[in-house]
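# Examining the three-dimensional arrangement
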Amino acid sequence: MLRVAIAGASGYTGFELLRILCAHPSVRVSLITSRQQTGQRIDDFYPALKRHCDLVFEDTDPEKLASSSDLVFTALPHQASMDIIPSLLDRGVKVVDLSADYRLTDPEVYREWYSTHSTPELLKEAVYGLPELYREKIRTARLVANPGCYPTSVILATAPLLSRGLIDAGTIIADSKSGVSGAGRGMAQGVHFCEVNEGFKAYKVGEHRHTPEIEQELGILAGRPVTINFTPHLVPMTRGILSTVYSNMKPGVEAPDVEEAFRDYYRDEPFVRLSNPDQLPVSLQVRGSNYCDIGWRVDARTRRVIVISVIDNLTRGASGQAVCNMNIMHGLPEDTGLKQAPWQP
């Protein structure tokens, strides 16, 4: 039985990890931490977990985390994860980090978008945890950087086209809409019910921190630096992301080439579902699941391909993907604990 701990279990991603892991047949959750909720039972803090988990929050102590677990999920704020991850690795514990601290390979890019990195030597070692792109590297990794929610939706929507050279990488526009849970559980005026209900707004236009993460991975796929326009939006729903990604097709590329690229690239991927030709993905159809649903249309008039991808931001965009990475790191079938169908309605 694999022993796992969650550092920072009081947020929505921590809850989602527990929801999945409590039903995982090969895992025992050994320890959960929260600096603010230390001493409180998780099922008092999250009553939904009654009869599923009765652990008590403890303080975030790297030594205790390491001694009680084989793998630690760090669901801590950005810049807090890097404070404890080196200690965990030094003690032989594997880590799946759900923060942004190890997603970017260039410490100067991290400094520009976040702050100075205290352990830049680990940036080159960390494996970006998108299984469809890096499954083999994840298998042997001791530190996996779990991707951001927006990047997951955009990269998966674009990877088949870039890898086959079907689109002009300099023309990519990503327009993404997210449910409010993506903002976390903390109190902020912009995510109060009265501020988001019956509203729809763009935010952090041209400056969202997920931009360099998307550009890094698309650049690797394209074989050259890529700069995109990325605009996130907040929609009045609890969970889910829908991304619409636009790009110009290269001369000679036609609709059958686009379809072949998607169907070949994702033919054997357990967590990518391609829509039927007469349908487009809907965020409701992936709620609570680790699926990414993808559909597309080719606009012959403008010579552009429009790709729609949908994920649950808390599951495929965070905790479900983290569990999938854990499975791969420990030689388990990657869909273990993640086979449940999406919630409907």
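Structural data are supplied above this passage.
Residues numbered from 1 in each chain as written. Predicted model: local features only at pLDDT ≥ 70, side-chain atom pairs only at ≥ 80, totals over all residues. Heavy atoms only, no water.

## Concerning the pattern of salt bridges
What the rule picks out here adds up to 22 salt bridges. With a shortest N-O distance of 2.7 Å, E16 and R239 are connected by a salt bridge. One end of the pair, E16, is in helix α1 (residues 12-21); the other, R239, is in the loop between β9 (229-234) and β10 (241-248), with 223 residues separating them in the sequence. Each member of the pair E16 and R239 is classed as buried. A salt bridge links E58 to K64; its shortest N-O distance comes to 2.5 Å. On the basis of relative accessible area, K64 is assigned to the partly exposed category, the value being 39%. Taken together, the shared-partner salt bridges in this structure form one network comprising E16, R19, R239 and D312. (Salt bridge = Lys/Arg side-chain N within 4 Å of Asp/Glu carboxyl O. Helix = DSSP H or I, 4+ residues; strand = E, 2+ residues; numbered from the N terminus. Buried < 20%, exposed > 50% of the residue type's maximum accessible area, 1.4 Å probe, protein only.)

## Describing helix α11 (residues 315-329)
Taking 1.5 Å as the rise per residue, α11 with 15 residues should run 21 Å; its terminal C-alpha atoms sit only 18 Å apart, a clear shortfall. The largest bend in α11 amounts to roughly 40° and is located at Q321. Among the 15 residues that make up α11, 15 are buried, leaving the element largely enclosed by the rest of the structure. Positioned one or two residues after α11, G331 has a phi angle of 70°, which is positive. (Expected span 1.5 Å × (residues − 1). Bend = angle between axes of the 7 residues up to and from the residue.)

## With respect to the packing of aromatic side chains
Within this structure, the stated rule accounts for 9 aromatic pairs. On the basis of an interplanar angle of 80° and a centroid distance of 5.1 Å, the ring pair of F45 and Y46 is categorised as edge-to-face. By relative accessible area, F45 is classed as buried at 18%. By relative accessible area, Y46 is classed as buried at 8%. Measuring from centroid to centroid gives 4.9 Å for Y110 and Y114, while their planes differ by 15°, and the two rings are stacked. An identical accessibility class is assigned to Y110 and Y114; each is buried. Joined through ring pairs, the aromatic side chains of F15, F45, Y46 and F57 make up one cluster. Its end group placed over the ring of Y291, R273 keeps NZ or CZ at 4.1 Å from the ring centre. (Phe/Tyr/Trp six-rings, centres within 6.5 Å; stacked < 30°, edge-to-face > 60°. Lys NZ or Arg CZ within 6 Å of the ring centre and 35° of its normal.)

## Some words on the sheet that holds strand β5 (residues 127-128)
Judged by pairing direction, the sheet is parallel, and its 6 strands sit side by side in the order β2-β1-β3-β4-β6-β5 without closing on themselves. In this open sheet, the two edge strands, each paired with only one partner strand, are β2 (27-33) and β5. By the bridge criterion, 3 bridges tie strand β4 (residues 94-97) to strand β6 (residues 143-145) in an arrangement that is parallel. Looking at β6, one finds that V95 is bridged to L143. (Pairing = 2+ DSSP bridges.)

## Points about the side chain of E215
Assignment of secondary structure puts E215 in helix α9 (residues 211-222). R224 is the oppositely charged side chain nearest to the buried, salt-bridge-free E215, at an N-O distance of 11 Å. Within the structure, the side chain of E215 is placed 3.0 Å from the backbone nitrogen of I228, a separation counted as a polar contact. Those residues in contact with E215 that sit more than four places away from it in its chain are V226, T227 and I228. (Lys, Arg positive; Asp, Glu negative; His and termini not counted. Polar contact = N/O pair within 3.5 Å; in protein donor to acceptor, adjacent residues only side chain to side chain. Contact = heavy atoms within 4.5 Å.)

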